[in-house]
Amino acid sequence: MTSNESTLPVFKGSPRSAVSPPLQRARELGIRQVLDADGGLAGDLPDPDLPKETLQKIYRTMVEVSAIDARGWKLQRSGRIDFWIPSRGQEASHVASTIAMDTSDWIFMASREPGSMLARGASMLQLFAQFFGRADEPMKGRRLPLLLGDRRLNIVPCMTIVGAYIPHAAGAAWAAKLKGDDTRFIVYFGDGATSRGEFHSAMNFAGIHKPPIVFFCQNNGWAVSTPNDRQTAVDTFAEKGNAYKVRNLRVDGNDPLAIYSVTRKARDEAREHGPTLIEAVTYRLGPHTSSDNPDLYRTSNEADEWRRWDPIPRFRRYLENRGFWSASDEQQLLEQCEKQIDEAVHAAEAMRQTEPGEMFDDVFETPTTLLQDQRKQLVAELGEER
Ligand SMILES: Cc1ncc(C[n+]2csc(CCOP(=O)(O)OP(=O)(O)O)c2C)c(N)n1
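Cut-offs applied
Residues numbered from 1 in each chain as written. Predicted model: local features only at pLDDT ≥ 70, side-chain atom pairs only at ≥ 80, totals over all residues. Heavy atoms only, no water. Helix = DSSP H or I, 4+ residues; strand = E, 2+ residues; numbered from the N terminus. Buried < 20%, exposed > 50% of the residue type's maximum accessible area, 1.4 Å probe, protein only. Contact = heavy atoms within 4.5 Å. Arc of directions from axis to C-beta. Polar contact = N/O pair within 3.5 Å; in protein donor to acceptor, adjacent residues only side chain to side chain.

*Asks:* Can you walk me through unusual backbone geometry in this structure?
*Replies:* Negative phi is the rule for most residues except glycine; trans is the rule for most peptide bonds. The backbone phi angle of Lys245 is positive, close to 55°, even though this residue is not glycine. Topologically, Lys245 is positioned in the loop between α7 (228-231) and β8 (247-252). A residue is classified by how much of its surface remains accessible, and Lys245, at 70% relative accessible area, is exposed. Its identity as a non-glycine residue notwithstanding, Asp362 has a phi of 70°, on the positive side. Topologically, Asp362 is positioned in the loop between α12 (327-350) and α13 (369-385).

Encoded structure:
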């Protein structure tokens, strides 16, 4: 081997990862749909006939998410932010489900839901300040980019440990039920998280105590390089709810109207019937993160097939058919996104960077002697390096 030959395994292609999108056979596979691939009515679930403003809010937020994703990549690749978790392809599943919840409901986040923040009123600046790790964003710049949250918006940030927070969400929902308040909860996680013990503990607890929560599994086909059929031996992630008597269903994760309908219903019925596990069948069009190269484990033709189900043009065609969106609306929105992002990047970069020693703040109200010593040591060592 010559010195510049790669030692990385080269993906040779396999039929397993070249399966066509299950959305093509949605009825047969029990995946609920309002829209067909072209944004016409599929005739499975009825059109929820949402007000024009709600439809436009869903669409705008989805487009904003994809614009953020495109810019985030560039910033990461040019070394201005250190990490990126893409959400391209998954805009509909998280945006429509968040908007289906009331703003007083609590959200427990995974890592591909920037639109949940936007839909609750977070500004572009707040998001970019988080991506840049700036000290004056609500989480004080201490979390990986995209591990978003904001207590003021009733959004709990993701824990990096896959699935670890699902029991916390179920417990918080149970607490609300015991207190007799009417808050509902939604918790996001991926297909990979359903293999974690915490998912099963949470489902078992939820089956017994019936907390008012929507378990929202974004099945995006992959958990890093592990495809669905290496993740579970059962046919669907939804049916895992059956073991715990948790109601469950599959929905087209690239169809905002279907997602809105099933999430709203699950939310509304949560007080009476308890939890629902929703499996939103979607696809991660990009890599797992900026540290990943999907060409090593999946064929490019798989992603190409899924592009036909891209939720953004699909939903735009629906809006256009109803006379709720035009070419000039689109143009305006894209220009506005770019402008807002330019301004947010500029302002966020000018904000104060979090100092390494600040990670010791807020661990305890009064820092322990040990933490104080560690802080001093870290700051001294870094000082010497600089
Ligand atoms: C307990 C644990 N194991 C492994 C990892 C590394 N890891 C980060 S994300 C991820 C895959 C998660 O897949 P999935 O739940 O399907 O969500 P997705 O990333 O596809 O949205 C893994 C294995 C981790 N963070 N935590």
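There's plenty left to go through after this.
*Asks:* Any chance you could explain the environment of Ala135 here in plain terms?
*Replies:* Examined against the element boundaries, Ala135 turns out to sit in the loop between α4 (124-131) and β3 (155-156). When its relative accessible area of 8% is taken as the criterion, Ala135 is described as buried. Sequence separation between Ala135 and Asn242 is 107 residues, and the spatial gap between their C-alpha atoms is 45 Å. Those residues in contact with Ala135, other than ones at most four positions away along the chain, are Lys140, Arg352, Gln353, Thr354 and Glu358.

*Asks:* Can you walk me through helix α11 (residues 311-321) in this structure?
*Replies:* Three- or four-residue spacings in an α-helix give side chains the same orientation, since the helix completes a turn every 3.6 residues. Residues Pro311, Ile312, Arg314, Phe315, Tyr318 and Leu319 constitute the buried set of α11. The buried residues of α11 occupy an angular sector of 165° when projected down its axis, which confines them to one face. The secondary structure elements touched by the buried residues of α11 are α1 (52-77), α2 (91-100), β8 and α8 (256-268). Where α11 begins, the side chain of Asp310 points an oxygen toward the backbone nitrogen of Ile312, at a separation of 3.0 Å. Positive backbone phi, approximately 75°, marks Gly323, located one or two places after α11.

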